[in-house]
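# Results of the structural survey
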Amino acid sequence: MAYPGKSPFPMLPIEDCIEKVMDASATLEAEAVPLAEALGRVLAVDASAARDIPSFPTCILDGFAVRSQDCPGELTVVDEITAGAMPQKEIGEGQCCYVTTGSQIPVGADAVVQVEDTEEKGKNASEQLVIACRAVSVGTAIRQVGSDSKAGQVLVHKGRKLTAAEIGVLAALGMHTVECFRRPRVGILSTGDELHDVKEGGQGCQVVDSNRPMLSALALEEGCELVDLGLLRDDYGTIRNKVQEALESVDVVVSSGAVGRGSKDHLKGLLEEIGTVHFGEMRMKPGKPTTFATVSRGGRDRLVFALPGNPVSAFATFKLVVLPALRLLSGIPKSHARLPKIQAEVDSDVVRDPARPEWHRVSVRWDQANNKAVATSTGFQRSSRIASIAEANAFLEIPAGSEKVPKGTRRPAVVFSPLEPEHFAPACNSCCKASSSAPATVGPVPAAKLEQAEAAAFRCAVAQLRERQDVSNDALFQVAGFSRNCLAEWYREAREEAGHSIALVDAQEVIYGQSYDEWKKTHHVGAEVDKTSRVELDCKAPLPLRGQRDEADGNNTSLRAEAGAFRRLVAHFRHRVDIQNIDIMNLAGFCRNCLSKWYKKGLHDVGVEVEMDEARELVYGMPYAEWKKQYQTSATASQLEAFRKAACSGKALTAFPPNQPLALPSRGQESPSSLPSLSIVVGVVTVSDRASAGVYEDRSGPAVVDCLRSFGSRGWPEISVVHTELVPDSIPQIQRAVRGLLQQGCTLLVTTGGTGFAQRDVTPEAIQNLLDRPAPGLVHAVLSGTVKRNELALLSRPVAGTIGKSLIFTVPGSPGAVKECLEAVEKLLLHAMVLLQT
């Protein structure tokens, strides 16, 4: 018998192999699908609104439709309209109409007063009901025609994988059938004399065929139509006949086994005979002998993936190589066909393979205390050890080499399984759900006890911030509106009110737990934090003040100062209703609910029992349910504008009451050298399906303008003209907006939104096709600058470059990320503008 020698196929990098696979994967044809069966399918055409939604002015609550100019006053009820009924009367002077949620607003009415804001006054001489109502403004509680969406507006775009949300939208558009791309038909095949089916007993040295059930499940996860091609013996003729037969009816054949250099490994030779082999070896571990070929059938190429027989190799190569092809066939855009990558820190040394890079199976978790992803190996990594994938959710990319990858190293991790929400969204945990059945204390609570509780709650906040030393003051200020220095200033002010003034540096030492200068040396962004040397804070005792003792009344001054600082923190949060609890929690490690819980605990410690709702009402300034209703998602436009100006000016709201802002000492800024005269005309394109549809207010576009204008104090020329566009996540519309701004003379263009890994994030692809010259240095600068604050910033896909004499730059859609990205390239942007215009 002749034995195979060295492989005739070159060993290609995995990136080259994946590109070959994606180049050969053409989207399948479209077909009509009943809406009830469209879940998980990919939309083949844009779904647009055939008419304005709503098509008539609609009431959004139960109340009375009125003429706003008649309010406040007493009005006669002349009609009643419920949802689905047509109005019968026009509303005239002094009249109103009872309406229910979803009903049509009658002619003549321009506002709705909710039932709770009216009072019955009896009946008039005509036995008609008369009500008294409060003042109301035009448009209150009315959904205007087209306010949800305009006729012709695309609501679900081609290439979108349909979830329950999109199914609901399509139903609202009246689409009982939808055009979707056909699901790939995938045949799964196992080969090997040593295998037996899981339903049958094995003989001698046979083992269970685990690959076919596993690969079948992987194909089903991607929404494919499955064809079981069975388990075949290692016979060339048998394998050839089965593959040839399958290729007549399936789009993809995925086999496992028979791809090595053994005497019975027939698949490589078979694929060379019947088709075109694009690669036969990959430079990776596990999965080296993976083979990909195309075979022409019926005027179209069918894809054949011959995967290794070891279970882990088959699993890994399916996720990394086969999955992108299936997604492309299904109609998913190329930009979203591959699995996402994140940066994860290994929690132990990892042995490297000397010859090939390895995709090491790991379990990635979120380390909330240190704000980073941590990867834990699943153990022994032999490719036959299927247990190594059971608890894994990612592949950690480990380069080839002789030295170990040391503990603490950050490496790219390809995430292949859905992660639990807490893995990547550090959330407000039990404190946000805390409740108490303890009875409320009857009668007034002594002021001294309230003060003790407030002081204890403030110490908890300080302790939490000392624990979050990895979070910079700038990042904290941008998201939460305050920093450690704000707390120090509040504490200093409160001590002054208590009759014992101290310097700001002393107050800073109270908050930081050490001198501010020393803290900056060891805890600035990028510094290594030695947590073992930290002194734990006793939240039951007053904060220590540089070893000094307060006056004769014991710790009364410290107590009053801590209570006063707590009230200022509460006042800040009451004022900054635009700041969401989850955003504060993710960064500072506590939120309003935490403060409520700590205050409740402080009262308990001094013998006062209150319910959680009472403690929350103190912190929120209103019942918690009412606060959520008003502020859970966003603040008003005027509040947002005021807060944007405060953030750009570098001032914090530090005084009590909160409507008297007190600026912190200005942070030192390096002034750029003098620059030649420069004219900057800015164009901003906000890319967002929801903002362009009017679902929520665009905040990132104004954030760009405010941030660029704030650079004027640091040497930038005045920005005299600003043009803005708001478009959905659509490549043609993004490009149309950019070209329009260029025609208006914009020399600096910034796009916001659509730079991530979501299926609709296509801004980078839209901009790349317009560039004359890319600017990779700007991209590197923004990633280097932002990753120091947020490791997940590496999931953004920024693009920068020139179009003629104009510079264009993409940033994410979050207002905070806008500021971080622009500040990271402030000097580079200005210098690039000078070079372009001189």
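Quick caveat: nothing in here was measured; it's all calculated off a predicted structure. Position numbers for residues count from 1 along each chain, tracking the sequence in the order it is written. Two thresholds apply to this predicted model, a pLDDT of at least 70 for residue-level local features and 80 or more for giving and counting side-chain atom pairs, whereas whole-chain, interface and lining totals are computed over all residues. Hydrogens are left out, water is left out, and the side-chain values use all remaining heavy atoms of the structure.

### A short note on the overall build of the chain
We apply this condition: By definition, any uninterrupted DSSP run of H or I lasting at least four residues is a helix, any uninterrupted run of E lasting at least two residues is a strand, and each is numbered from the N terminus. The contact rule is simple, with two residues in contact once any of their heavy atoms fall within 4.5 Å. Reported accessibility uses the Shrake-Rupley method at a 1.4 Å probe radius. Residues are deemed covered only where the shown protein chains occlude them.
Scanning the chain from N- to C-terminus turns up 26 helices and 33 strands. Counted over contacts in the chain with a minimum sequence separation of 6, partners at least 24 positions apart contribute 73%. Summed over its atoms, the accessible surface of the chain is roughly 37,600 Å², and 51% of this surface lies on carbon and sulfur atoms.

### Some details on the sheet that holds strand E26 (residues 394-398)
Two pairing modes exist for strands in a sheet, parallel and antiparallel, and in both the strands are linked by backbone hydrogen bonds. Going by this rule: By definition, two strands form a pair when at least two bridges between them are found by DSSP. To define axes, lines are fitted to C-alpha atoms, for helices over the stretch in contact only, and angles between the resulting N-to-C directions are given on a 0 to 180 degree scale.
Ordered in space as E23-E25-E24-E26-E27, the five strands form a closed barrel in which the pairing is mixed. On average, adjacent strands in this sheet sit at an angle of 50 degrees to one another, irrespective of strand direction. Relative to E26, strand E24 (residues 358-367) runs antiparallel, the two being bridged by five bridges. Counterpart to Arg 361 in the pairing with E26 is Phe 395. Contacting E24, E26 and strand E27 (410-415), helix H6 (residues 311-330) crosses the sheet at an angle of about 90 degrees to E26.

### Re unusual backbone geometry
The test is simple: Partly exposed residues are those whose accessible area sits between 20% and 50% of the maximum for their type, while under 20% is buried and over 50% is exposed, using a 1.4 Å probe and protein chains only.
Across the junction of Ile 53 and Pro 54, the peptide omega takes the value -5 degrees, indicating a cis bond. Topologically, Pro 54 is positioned in the loop between strand E3 (47-48) and strand E4 (58-59). A cis amide bond links Lys 285 to the next residue, Pro 286, at an omega of 0 degrees. Within the fold, Pro 286 resides in the loop between strand E20 (281-283) and strand E21 (291-297). In the Ramachandran plot, Glu 127 falls in the positive-phi region, its phi being about 65 degrees despite a non-glycine side chain. Turning to its location among the elements, Glu 127 is positioned in the loop between strand E9 (118-123) and strand E10 (129-133). With a relative accessible area of 57%, Glu 127 lands in the exposed category. Backbone geometry at Ala 258 places phi at a positive 65 degrees, although glycine is not the residue there. With respect to the element layout, Ala 258 can be found in the loop between strand E18 (252-256) and helix H5 (267-274). Judged by relative accessible area, Ala 258 falls into the buried class, the value being 8%.

### Points about helix H2 (residues 164-172)
This is how the line gets drawn: Throughout, the arc means the angular range of directions from the helix axis out to the C-beta atoms.
Within H2, burial applies to Glu 166, Ile 167 and Leu 170. End-on view of H2: buried residues confined to an arc of 105 degrees, all on one side of the axis. Across from the buried face of H2, at angles greater than 90 degrees, the exposed residues are Ala 164, Ala 165 and Ala 172. Taken together, the buried residues of H2 touch E3, strand E12 (154-156) and strand E13 (177-181). Once H2 ends, the next one or two residues include Gly 174, with phi positive near 80 degrees.

### A look at the packing of aromatic side chains
Filter applied, for reference: Here the aromatic set is Phe, Tyr and Trp, taking the six-membered ring for Trp, and pairing holds for ring centres within 6.5 Å; pairs whose planes are under 30 degrees apart are stacked, those over 60 apart are edge-to-face, and all others are tilted.
All chains considered together, the criterion is met by six aromatic pairs. Aromatic side chains Phe 395 and Phe 416 sit 4.6 Å apart centroid to centroid with 45 degrees between the ring planes, which places their arrangement in the tilted category. With a gap of 21 residues between them, Phe 395 in strand E26 and Phe 416 in the loop between E27 and helix H7 (421-424) connect regions that are remote in the sequence. A relative accessible area of 0% means that Phe 395 is categorised as buried. A residue is classified by how much of its surface remains accessible, and Phe 416, at 7% relative accessible area, is buried.

### Section: the nonpolar core
The line we're drawing: Residues belong to one nonpolar core when they are buried, are Ala, Val, Leu, Ile, Met, Phe, Trp, Tyr or Cys, and are joined through side-chain atoms within 4.5 Å.
Counting 44 residues, the largest nonpolar core has Leu 215, Val 254, Phe 305 and Phe 318 as the members making the most contacts within it. Counting only elements with at least two residues in this core, the list comes to helix H1 (14-23), strand E14 (185-191), helix H3 (211-221), E18, strand E22 (300-307) and H6. With 13 residues, the single largest contributor to this core is H6.

### Quick look at the confidence of the model for the chain
The line we're drawing: Within a predicted model, pLDDT stands for the predictor's per-residue confidence, ranging from 0 to 100.
Residue-level pLDDT values for the chain average 77, and 72% of them are 70 or greater. Confidence drops under pLDDT 50 across residues 524-541; counting only partners more than four residues distant or on other chains, this segment forms 30 contacts. Contacts for the low-pLDDT stretch residues 633-676, under 50 throughout, to residues beyond four places or in other chains number 72 contacts.

### Thoughts on the sheet that holds strand E8 (residues 111-114)
Within the open sheet, the six strands sit side by side as E8-E5-E7-E6-E10-E9. Their pairing is mixed. Of all strands in the sheet, those with a lone pairing partner are E8 and E9, marking the two edges. Strand after strand, the sheet turns through a mean of 40 degrees between neighbouring axes, direction not considered. For strand E6 (residues 73-81) and strand E7 (residues 95-99), the ladder comprises five bridges, and the chain directions are parallel. When the bridges of E7 are listed, Val 77 appears paired with Cys 96.

### Points about the environment of Leu 320
Within the element layout of this structure, Leu 320 appears in helix H6. For Leu 320, a relative accessible area of 9% gives the class buried. Separated by 94 residues in sequence, Leu 320 and Val 414 have C-alpha atoms that sit 8.7 Å apart.

### Topic: the pattern of salt bridges
Rules: One side-chain nitrogen of Lys or Arg within 4 Å of one carboxyl oxygen of Asp or Glu is enough to make a salt bridge.
According to the stated counting rule, one finds 28 salt bridges in the structure shown. Among the salt bridges present, the one from Arg 182 reaches Glu 29, with a minimum N-O distance of 2.7 Å. Of this pair, Arg 182 sits in the loop between E13 and E14 while Glu 29 sits in the loop between H1 and strand E2 (30-34), and the two are 153 residues apart along the sequence. The class of Arg 182 is buried, set by a relative accessible area of 17%. According to the relative accessible area criterion, Glu 29 is partly exposed, its value standing at 44%. For Lys 341, the salt bridge goes to Glu 397, with nearest N and O atoms at 2.8 Å. With Lys 341 in strand E23 (residues 341-346) and Glu 397 in strand E26, this residue pair connects regions lying 56 residues apart in the sequence. One continuous salt-bridge network, built from bridges that share partners, spans Glu 29, Arg 182, Asp 251 and Arg 300.

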